[in-house]
Amino acid sequence: MRGLFFTSIIGGALIILGALIIFIRLNQPDSRISLNAYILESVGIVLLLVRIFSPQILISVFLTGTMGAAILGTDQVALHIPLKPDKVNPQGIFRLLLGFILAVLILSIEPEIAVWIPVPDSILFCSLFLILMGLTTFSLSSRLMYRFLGILNIFSGFQLVYMLLEESVLVFGFMIAIDLLIALLGAYFMSGSQNDEYST
């Protein structure tokens, strides 16, 4: 039981870390690190839910997150360009502080929300954090890639709670389909915007 408890802590930490990386790197032209951070969130969700769901469900969650990142990055990732470390800038520091402020805000309101949503506190906190960070990423981003990463984070936060409230394989499959559909729409719109830039 202690090992499962530590996996939940590590899972929550990975979810928070992945969401913060995406938010801090907002509007960066090279989105490979942000896409990997989204996959990191999927790993965190798997570790967070390892005590509750079967291995088949957990593998499906991980593969959905990986495929979503792969679909979004199909036309956006230039693998031949080497990764360069990001420079520390005031915007990144401000976003990191804003992320911590949101985390403290969620900690303060989570007990009241837990009265209405009967799920474990760690899962509810991670769900609310993903939703708030997704909303913030979507609202502050000027690039379609990060806007759709924000939408995916919002949906992941909703899915994290709804999986516990409605334990139906059919509903779970439906949510996986929606997740992949969001990624496909993102790739489609980003491809269309690139074609418009080339035509002009």
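Treat the numbers as computed from the prediction; the structure is a model and nothing was measured.

Cut-offs and rules
- Residues numbered from 1 in each chain as written.
- Predicted model: local features only at pLDDT ≥ 70, side-chain atom pairs only at ≥ 80, totals over all residues.
- Heavy atoms only, no water.
- Helix = DSSP H or I, 4+ residues; strand = E, 2+ residues; numbered from the N terminus.
- Buried < 20%, exposed > 50% of the residue type's maximum accessible area, 1.4 Å probe, protein only.
- Contact = heavy atoms within 4.5 Å.
- Areas by Shrake-Rupley, 256 points an atom, 1.4 Å probe, with all protein chains shown as cover.
- Core = buried A, V, L, I, M, F, W, Y, C linked by side-chain atoms within 4.5 Å.
- Axes fitted to C-alpha atoms, helices over the stretch in contact; angles between N-to-C directions.
- Parallel < 35°, antiparallel > 145°, perpendicular 65-115°, else oblique.
- Nonpolar A, V, L, I, M, F, W, Y, C, P; charged D, E, K, R; others polar.
- Expected span 1.5 Å × (residues − 1).
- Phe/Tyr/Trp six-rings, centres within 6.5 Å; stacked < 30°, edge-to-face > 60°.
- Polar contact = N/O pair within 3.5 Å; in protein donor to acceptor, adjacent residues only side chain to side chain.

**Some details on the overall build of the chain**
Reasoning step 1: Helix and strand counts for the chain come out as seven helices and zero strands.
Reasoning step 2: The helix and strand sequence of the chain, counted from the amino end, reads α-α-α-α-α-α-α.
Reasoning step 3: For the chain, with 200 residues in total, the buried portion stands at 41%.
Reasoning step 4: Long-range pairs, those at least 24 residues apart, make up 74% of the contacts in the chain with a sequence separation of at least 6.
Reasoning step 5: Per element, the accessible surface of the chain, about 10,900 Å² overall, is 72% carbon and sulfur.

**With respect to the nonpolar core**
Across soluble globular proteins, nonpolar side chains have a tendency to be buried as a group.
Reasoning step 1: Judged by nonpolar contacts, the single largest core of 49 residues is most densely connected at Leu49, Leu72, Leu149 and Met163.
Reasoning step 2: Within the residue set of this core, elements represented by two or more residues are α1 (2-24), α2 (32-48), α3 (55-72), α4 (90-116), α5 (121-140), α6 (144-165) and α7 (169-199).
Reasoning step 3: Broken down by element, the residue count for this core peaks at ten residues, all from α6.
Reasoning step 4: Sequence-distant contacts of Leu149, that is, excluding residues within four places in its chain, are made with Ile22, Ser34, Leu35, Tyr38 and Leu72.

**Quick look at the packing of α2 against α3**
Reasoning step 1: One can describe the packing of α2 onto α3 by two numbers: an axis separation of 9 Å at closest approach and a directional angle of 170 degrees. The orientation of α2 relative to α3 falls into the category roughly antiparallel. For the pair α2 and α3, the contacting residues are Leu35, Tyr38, Ile39, Ser42, Val43, Ile45 and Val46 in the first and Leu58, Val61, Phe62, Gly65, Thr66, Ala69 and Leu72 in the second.
Reasoning step 2: In terms of residue class, the contact of α2 with α3 is made up of eleven nonpolar, three polar and no charged.

**As for the packing of α2 against α6**
Reasoning step 1: Put simply, α2 and α6 touch, their axes get as near as 11 Å, and they point 5 degrees apart. Judged on the interaxial angle alone, α6 and α2 are roughly parallel. Of the residues in α6, those touching α2 at Ser34, Leu35, Tyr38, Glu41, Ile45 and Leu48 are Met145, Tyr146, Leu149, Leu152, Asn153, Ser156 and Leu160.
Reasoning step 2: The class makeup of the residues in the contact of α2 with α6 is nine nonpolar, three polar and one charged.

**Thoughts on α5**
Reasoning step 1: Between its first and last C-alpha, α5 extends 28 Å over 20 residues, near the 28 Å set by a 1.5 Å rise per residue.
Reasoning step 2: Taken together, the buried positions of α5 are occupied by Ile123, Leu124, Phe125, Cys126, Ser127, Leu128, Phe129, Leu130, Met133, Gly134, Thr136 and Thr137.

**Points about the packing of aromatic side chains**
Reasoning step 1: Counted according to the given criterion, the structure contains five aromatic pairs.
Reasoning step 2: Residues Phe155 and Phe158 carry aromatic rings whose centres are separated by 6.2 Å and whose planes lie at 40 degrees to one another, so their mutual orientation is tilted. With Phe155 and Phe158 both in helix α6, this residue pair falls three residues apart, about one helical turn.
Reasoning step 3: Judged by relative accessible area, which is 13%, Phe155 ranks as buried.
Reasoning step 4: Looking at Phe158, the relative accessible area reads 42%, which means it is partly exposed.
Reasoning step 5: Members of the aromatic cluster, connected to one another through ring pairs, are Phe148, Tyr188 and Phe189.

**Section: the side chain of Ser34**
Reasoning step 1: Turning to its location among the elements, Ser34 is positioned in helix α2.
Reasoning step 2: Its relative accessible area of 0% is what places Ser34 among the buried residues.
Reasoning step 3: Within polar-contact distance, the side chain of Ser34 engages the side chain of Tyr146 at 3.2 Å.
Reasoning step 4: Not counting chain neighbours up to four residues away, the residues in contact with Ser34 comprise Ile22, Arg25, Tyr146 and Leu149.

**Considering the environment of Tyr38**
Reasoning step 1: Looking at where Tyr38 falls in the secondary structure, it is placed in helix α2.
Reasoning step 2: Looking at Tyr38, the relative accessible area reads 2%, which means it is buried.
Reasoning step 3: Between the alpha carbons of Tyr38 and Leu17 there is a distance of 9.7 Å; along the sequence they are 21 residues apart.
Reasoning step 4: Apart from the residues lying within four places of it in its own chain, the contact partners of Tyr38 are Ile22, Gly65, Ala69, Leu149, Leu152, Asn153, Ser156 and Asp179.

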